[in-house]
Amino acid sequence: KDGWPYAESLRLYEHGDRMSLGGEIFTILVSPEPGDSVRAEMEPGILRFWVGAELEGKDRSDTMSKVAAKLAMQYFQDFVEERVAELNDLHFQQDYDRVKLKHNKSNWGSCSIHGNLALNVRLLFAPLSVLDYVIIHELAHLIEHNHSPDFWALVEEAEPNYKEHVDWLKEHGPRCVF
């Protein structure tokens, strides 16, 4: 998307490293195996990879990142859906269709005119209050499908400190990467 100011960093997944996602700490476990593919599983507190010995450097990191993002989308889907429902009930009481986590580089969230909410899985690296802000931002689009003063008034009513969360994303967003 034009104006997206973030360039993703390269994340290295090393055995024993720790990573915070969705308010949980995960220990990364890496085991080698033959070939050039990556498989992984995520369970509470553990992100386990089996990495093909033929994968090296950027190819290794890129493949592990894609696999980790996909796992995180599955692992945290219910959590995010519950968070959206809670914040909607608390602030907006609007109908929406579905909630989806996506791994993209172009935005933190979106709301279609059909009431489909999409949230960037990279938000799981942010404090939960920042995730909540983006959810509130997208829910406000169910009422105002623009960024007018009326829209921002809805956001501010639901989250009076929203500008702090916008600033957090501007400063720390580039490091929220798989």
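Look up a bit, the structure's there.
Along each chain, residues carry numbers from 1 onward, in the same order as the chain's sequence is written. A pLDDT threshold of at least 70 governs which residues receive local features in this predicted model, and a stricter bar of 80 or more applies before side-chain atom pairs are shown or counted, although totals over entire chains, interfaces and linings include all residues. Only hydrogens and water are set aside; all other atoms, that is, all heavy atoms of the structure, feed into the side-chain values.

Participant: Teacher, can you tell me more about the side chain of Glu159 here?
Facilitator: As for its placement among the helices and strands, Glu159 is situated in the loop between helix 3 (149-158) and helix 4 (162-172). A simple rule labels every residue: compare its accessible area, found with a 1.4 Å probe on the protein chains alone, to the largest value its type can have, and call it buried under 20%, exposed over 50%, or partly exposed in between. His is not counted here, nor are the chain ends, while Lys and Arg score as positive and Asp and Glu score as negative. When a carboxyl oxygen of Asp or Glu lies within 4 Å of a side-chain nitrogen of Lys or Arg, that pair is called a salt bridge. Within the buried set, Glu159 has no salt-bridge partner at all; the shortest N-O distance to an opposite charge, 8.4 Å, is to Arg83. Of note is the side chain of Glu159, whose polar atom sits 2.9 Å from the backbone nitrogen of Asn161. We call two residues contacting when some pair of their heavy atoms lies within 4.5 Å. When residues no more than four places from it in sequence are discounted, the contact partners of Glu159 are Ile136 and His165. Helix and strand assignments follow DSSP, with helices taken as H or I runs no shorter than four residues and strands as E runs no shorter than two, numbered in order from the N terminus. Any pair of nitrogen or oxygen atoms within 3.5 Å is treated as a polar contact; in protein, a donor-acceptor pairing is required on top of that, and neighbouring residues in sequence qualify only through side-chain atoms on both sides.

Participant: Looking at this model, I keep getting lost on unusual backbone geometry. Mind explaining?
Facilitator: With the exception of glycine, the majority of residues adopt a negative phi angle, and the majority of peptide bonds are in the trans configuration. Backbone geometry at Gln93 places phi at a positive 50 degrees, although glycine is not the residue there. With relative accessibility at 52%, the residue Gln93 sits in the exposed group.

Participant: I'm lost on the sheet that holds strand 6 (residues 109-111) in this one. Help?
Facilitator: Whether parallel or antiparallel, the strands of a sheet pair through hydrogen bonds between backbone atoms. With respect to topology, 3 strands assemble into an open sheet ordered 5-7-6, the strand pairing being mixed. Sheet topology places strand 5 (98-102) and strand 6 at the edges, where each strand pairs with a single neighbour. For this sheet, the mean inter-axis angle between neighbouring strands, taken without regard to orientation, is 15 degrees. Here the rule is simple: two strands pair whenever DSSP picks up at least two bridges between them. Where strand 6 lies against strand 7 (residues 116-120), 3 bridges are found, and the strand directions are antiparallel. Following the sheet pairing, Ser110 is matched in strand 7 by Ala118. Helix 2 (residues 128-140) rests against strand 6 and strand 7 of the sheet, and its axis sits at about 155 degrees to strand 7. For helices, the axis comes from a line fit to the C-alpha atoms of the stretch in contact; other axes are also lines fit to C-alpha atoms, and the angle between any two N-to-C directions lies between 0 and 180 degrees.

Participant: Looking at this structure, I do not really get the environment of Val121. What am I missing?
Facilitator: Here Val121 is to be found in the loop between strand 7 and helix 2. With relative accessibility at 0%, the residue Val121 sits in the buried group. In the structure, Val121 is positioned 103 residues away from Arg18 in sequence and 18 Å away in space, judged by C-alpha atoms. Discounting chain neighbours no more than four positions away, the residues touching Val121 are Ala69, Ala72, Met73, Leu101, Lys102, His103 and Phe178.

Participant: Would you take a moment to explain the pattern of salt bridges for this structure?
Facilitator: Charged atoms that come close allow side chains of opposite charge to pair. Within this structure, the stated rule accounts for 5 salt bridges. Linking Arg39 and Glu33 is a salt bridge whose minimum nitrogen-to-oxygen distance equals 3.1 Å. Its relative accessible area of 44% is what places Arg39 among the partly exposed residues. The residue Asp132 makes a salt bridge to Arg83 at a minimum N-O spacing of 2.8 Å. Placement of Asp132 in helix 2 and of Arg83 in helix 1 (residues 57-91) is noted, with a sequence separation of 49 residues between them. Bridged by salt links that share partners, the residues Arg83, Glu86 and Asp132 form one connected network.

Participant: Explanation requested: the packing of helix 2 against helix 4 in the structure shown.
Facilitator: Working note: a packed helix pair is described by the angle between its axes plus the distance between those axes. The interhelical angle for the contact between helix 2 and helix 4, taken along N-to-C directions, is 110 degrees, at an axis separation of 9 Å. Taken together, the axis directions place helix 2 and helix 4 in an arrangement best described as roughly perpendicular. Two secondary-structure elements touch here, helix 2 through Ser129, Val130, Tyr133 and Val134 and helix 4 through Tyr162, His165, Val166, Trp168 and Leu169. Of the residues that constitute the contact of helix 2 with helix 4, the class distribution is 7 nonpolar, 2 polar and no charged. Throughout this description, any angle smaller than 35 degrees is read as roughly parallel, any larger than 145 degrees as roughly antiparallel, any in the 65 to 115 degree range as roughly perpendicular, and the remainder as oblique. All amino acids are sorted into three groups, where Ala, Val, Leu, Ile, Met, Phe, Trp, Tyr, Cys and Pro are nonpolar, Asp, Glu, Lys and Arg are charged, and the leftover types, Gly among them, are polar.

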